Structures are given as structure tokens and as C-alpha cells.
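Here is what each chain is made of, one letter per residue.
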Amino acid sequence: MADDWLEQSLLDAVRDGEILDLAGDGTVDEAAMRSWDSTHTVPAALIRDLVRGRRDIEADPHGLRLRGARITGRIDLANITSDLRVELVDCFVPDGLNLCDSQLPGLVLDGSCFGHPAGSHDPPVDAARLTAPVMTMRGAVANADTPSGAVRFLGAHLGLLDCGGARLENMSGPALHAEFLRVDQSVLLRDGFWATGAGEQGAVRFAYAHLGRLACDGARLENTSGPALHADGLRVDRAVFLRAGFQATGAVQLVDAHLGLLDCDEARLENMSGPALHADGLRVDRAVFLRDGFQATGAGHSVLALNGVSVGSLWLDTSGVTRSGQATGALVAIDGLTYADLPAPVGLPRWLELLRDHTPGYSAQPYQQLAAVHRAAGHDSEVRDILMAQRRDQIGRGGLRRRDRAWARFTGLALGFGYQPWRALLLLFAVLASSVALAVVLGGPGGGLQRTARASTPTTPCSVVERVGVGLDLGLPVVKTGAQDLCVPTGNRAGQTLTVAGWLLQLAAWALATLFIAGFTGAVRKT
């Protein structure tokens, strides 16, 4: 009797465009749903018949609108093309919903609870290849134990998907499986959205999907045996928002994805078995924001894997990036990372520290990229600092042969690796000063210098001015004062010492002069 009344009431509601509300003002949660009796029970076959138009009624454009029902049997809407909009709000669907290959004008599943029979591998909500302009699951619950996913959108095409506040859980696969999904506008996984999954497919899977926008503000994704978000090859035309308290236990994986913008401000990422953010090969047309409270904890090769990433602007603050436990390794891997603007918000010293101390190993490309954007901005002094830091890192971690390392260290001291040739001039002045001091000290009365026969008083000690002139002649590689024509070393020990020292000082002066010219012309930099 109750079944007949419910059936007629639903037919009348569909005809009149009204909501059949079986819950009223009562409590609507999963525990209450499981206690509903026959006064709430609607057979799945009736819903299928209404969507197919097999009941002799003229449906109102508002469509099928049902709230607070316990639906018996799996709702089978597969392969149906219908003009009837379907709303199942706060309904209990323990055997799940099949929407595979169907076309509907709209689908609302807000607040409903979905499951699947024990031992079944069918997803509680299977929307593979579904076509609909709008689908909402705000506050919905789906519990599963199947590799297929708790909610599956494999190859579906939607205008808008809103799962705000939904709670999806799968013990043996993805909570949300949306590989190859296409959404023209937005996918909204926010307002307390919570997904718990298992396995390498990820808790939430958007691999090779194409979306207009993805908003996961404040969402929580958990997977202790694989990625929290698996979005390899994802394409998003506008923006991906993983911000405002977004939490991921398990990697956020965006390998080879192409996004308009990526905003992870205030996100918290954690992966105990690998990178917290794995985005090798990612392309972002505008900007990437990893700042303002961004935290990432990971293990493995690096915490942030950004190799080969291409972005317009990069905002990266690694103050909240840490290694998990006692794990050793780098914080960031950025070999091949390219960006068009000066990186922010940290300054150049922090960036150089990051490249030197927190990357897996020496690589020239990150330094060259940083130098390129500073050069484009007209920061010539910063460019020199970057390139000198690169050479120091190459000496420390670049695997140079001992001979090459020694040469690099020498040119670093003498020429600043070719970027500061004035260092060679300073050393040349030091050699000159040493020459003068040596000549003055050793060439005094009874010492190592005396006047020649060409002097007005031969064999007498040289004056201080003459000794200074001899010192200048010893220290200058080209220019000569002529003092050695009048004042020469003696044959005693001091004179011999001065002679040998003069040879060495001449050699040093010529070497430093040559290095200065090489550094000034850039020849040293090319080595």
C-alpha cells in the first residue's frame, strides 16, 4: 500500500514539477538514512522508467525531484538519452547509480549517500562517458571497496561539476576517478571536500583530463599508498587552485600537465615516500604560486620535483619545505626549470643558497636561467654574482678533474672566474709593492744593490729613489724606469737573492697582466 502511494506521489511530483520530500524536517545523515523504513522506499526501476519516459505522464521541465528516499536496487540509467532533469537530494542509494554512456540535461545528487553491494566491483556512482551540462554532488557521500573508484567520470563530458563538501572513500582504489574527463567550465572540489583513496592511481585522479578550471580550496586528499592527486597530462585552460588550507597526504602529481595558472598558497603537502609535489615537465602559461604559508614535506630524491617545468612567473618560498623524519636529500629539483620573469618573493641570496645547498647536484641550467632573467632586467651586477656562484658550485659538486678544479679555483681567486678582472690588477699592484719593498730593504748600504759604472759615483750604494726605481722595473712587466741602468744587484748573498726574486716577480707580473687581459676580454669565462 505504501509502495503504491509513493509511486503515485512521485508520478504526481514529476508531472507538477514539485519536489517529493520524504524526509521533511527530520535528521538527514547516513545513520538516519539506514534506519528509513518502507515509507521512504522507492524502487530503482521506477526512477529508470521515469527517465526513459515509459510512464504515461507529461513531465514538467523541472524534471524528477526526489528528497529523503531510500532507493532499492542499483539505479540503472546507462545508455539513456533523456530530456528529464534528475534530482536525488539527501537520498540513500546503497546499491549505487549507473550513468554510463547516458545523456541528461542535468543531474543533482546533493547530500545523497552511495554505496555498492559487497563483492561488487562497480563504482557506487559510475558516470563513465556521461554527457550533461551540469552535475552536482554537494555534500554527497560515497563509500567503496573497488579498484574502479568510488565515483567514476572516465571519459565523461560535463559543463560543470560541483562536488563541494562531498566525502568520498575507497579502500582499494581512487575515491574520484576522472581520467579523460572533459569539463567546459569548472570542477569544484572545495568547501570541505574530502577524498580518501588507495593505490598508485591516486585518491583523486584527473590524468589526461581537460578542464576549464579546477578549484580545490580547502580540500583534503589522503592516500597512504600512492598519490593524493594524480593529474599527469592534465590540461586546465584557466587555473588550478590548491590553496586556502588545501591538504594532501600523498604526492600531488602534475607530470607533463598544462595549466593556465597554479596557485598553492597556504597549501600543505606531505608524502612520506617521495616528492610532495611531483611536477616534472609541467607547463604553466601564467604563474605558479608556492608561497604565503605553503608547506611541503617529502622524501626521496627531492621534496619538490620541478625538472623541465616551464612557467611565466614563479613565486616560490621554500621556508616551509622540509624533509620527512631523518630523510636526507634535496629540497627542490629544478634542472630545466624555465621562467620569464624574476623569481619572487625571496631575494637573490636565498635563490643562490637554494641552488647551491638544496638541489640534488650541480647543474648549469638553473644558474643560466636565473642569470638570463636578471640580464633581461638589466641587473648586470647580479648576473656576475650568479655566474660566479655557478662556478663555485661546479668546483664543489660538478665532478671536475683535479687539474680542472685547481685551475678553476685559481681563476676564481685571481679573476673572479673572469667576471672580476680587477682582482688581477690588485694582485699585480701587490707584486709591484713587493718588488719595491724588496729592492728598498735588500738594496740598502752594504746590501744587494750598487751603482754601475755609468753612474756619477760608481760602486757606491744606491739611493732610496734608485732602489724604488729598481723595484718598479722588477714589478712592471712592460714599462721600465731605466733605474737598472744605474743601479744593479751585487754579487753578495743579498744581491743574488734580489736577482732570483726579480725573476720570480717578473714572471708573476707577466702572468697577472696576461690574466687581466684574458679576463677583460672574456677568454677565461669561456673555459
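Residues numbered from 1 in each chain as written. Predicted model: local features only at pLDDT ≥ 70, side-chain atom pairs only at ≥ 80, totals over all residues. Heavy atoms only, no water.

A.B. asks: Please explain the side chain of Thr136 as it appears in this structure.
C.D. replies: Take Thr136: it is sitting in strand S12 (residues 131-136). Not counting chain neighbours up to four residues away, the residues in contact with Thr136 comprise Leu107, Val108, Leu109, Asp110 and Asp162. (Helix = DSSP H or I, 4+ residues; strand = E, 2+ residues; numbered from the N terminus. Contact = heavy atoms within 4.5 Å.)

A.B. asks: How should the pattern of salt bridges be read in this particular structure?
C.D. replies: Oppositely charged side chains can pair when the atoms bearing their charge come close. Tallying each qualifying case throughout the model produces 24 salt bridges. A salt bridge links Arg220 to Glu222; its shortest N-O distance comes to 2.8 Å. Judged by relative accessible area, which is 33%, Arg220 ranks as partly exposed. Judged by its relative accessible area of 17%, Glu222 is buried. Salt bridges sharing common partners tie together Glu7, Asp49 and Arg55. (Salt bridge = Lys/Arg side-chain N within 4 Å of Asp/Glu carboxyl O. Buried < 20%, exposed > 50% of the residue type's maximum accessible area, 1.4 Å probe, protein only.)

A.B. asks: Where do I start with the state of the cysteines in this structure?
C.D. replies: By definition, a disulfide links the sulfur atoms of two cysteines through a covalent bond. The full count for this structure, using the stated rule, is 1 disulfide. One disulfide in the model links Cys462 with Cys487; its S-S distance is 1.6 Å. Residues Cys462 and Cys487 are joined by a disulfide whose S-S torsion is about 115 degrees; by sign, that bridge is right-handed. Here Cys462 is found in the loop between strand S40 (449-451) and helix H9 (464-475), whereas its partner Cys487 is found in strand S41 (residues 487-489), with 25 residues between them in sequence. Comparing Cys462 with Cys487 shows no difference in burial state: the two are buried. Cys100 carries a free sulfur, and the closest cysteine sulfur to it, the one in Cys163, is 16 Å from it. Under the relative-accessibility criterion, Cys100 is labelled buried at 11%. In this structure Cys216 is not part of a disulfide, and its nearest cysteine sulfur, from Cys264, lies 9.8 Å away. Here Cys216 falls in the buried class, since its relative accessible area comes to 3%. (Disulfide = S-S within 2.5 Å.)

A.B. asks: How do you make sense of empty space enclosed by the protein when you look at a structure like this?
C.D. replies: It is a probe the size of a water molecule, rolled over the atoms, that shows where empty space is left. Evaluated as defined, the whole model comprises 2 cavities of 30 Å³ or more. The computed volume of the largest cavity comes to approximately 60 Å³. Going through the elements one at a time, strand S32 (283-290) and strand S35 (310-316) are the ones with two or more residues in the lining of the largest cavity. Considering only residue class, the lining of the largest cavity consists of 10 nonpolar, no polar and no charged. When its volume is computed, the second largest cavity comes out at roughly 30 Å³. Surrounding the second largest cavity, Ile334, Leu337, Tyr339, Trp351, Leu355, Gln365, Pro366 and Gln369 form its lining. Of all elements in the fold, only helix H4 (348-357) and helix H5 (364-376) reach the threshold of two or more residues within the lining of the second largest cavity. (1 Å grid on protein atoms, 1.4 Å probe; cavity = no way out; pocket = protein on both sides within 12 Å on 5 of 7 lines; lining within 4 Å. Points joined across faces, edges and corners; volume = space filled by probe spheres on them. Nonpolar A, V, L, I, M, F, W, Y, C, P; charged D, E, K, R; others polar.)

A.B. asks: Just to check I follow, could you spell out the pairing of strand S33 (residues 295-298) for this structure?
C.D. replies: A regular strand places its side chains so that they alternate between the two faces of the sheet. Only one face of S33 is covered, namely the face carrying Ala296 and Gly298; the face carrying Gln295 and Thr297 is uncovered. Pairing between strand S30 (residues 268-270) and S33: 3 bridges, direction parallel. Across the sheet, the residue bridging to Arg268 is Gln295, located in S33. In terms of strand pairing, S33 meets strand S36 (residues 321-323) through 3 bridges, oriented parallel. In the strand pairing of S36, Gly298 is matched with Arg323. (Pairing = 2+ DSSP bridges.)

Purely geometric stuff here, so don't read any function into it on its own.
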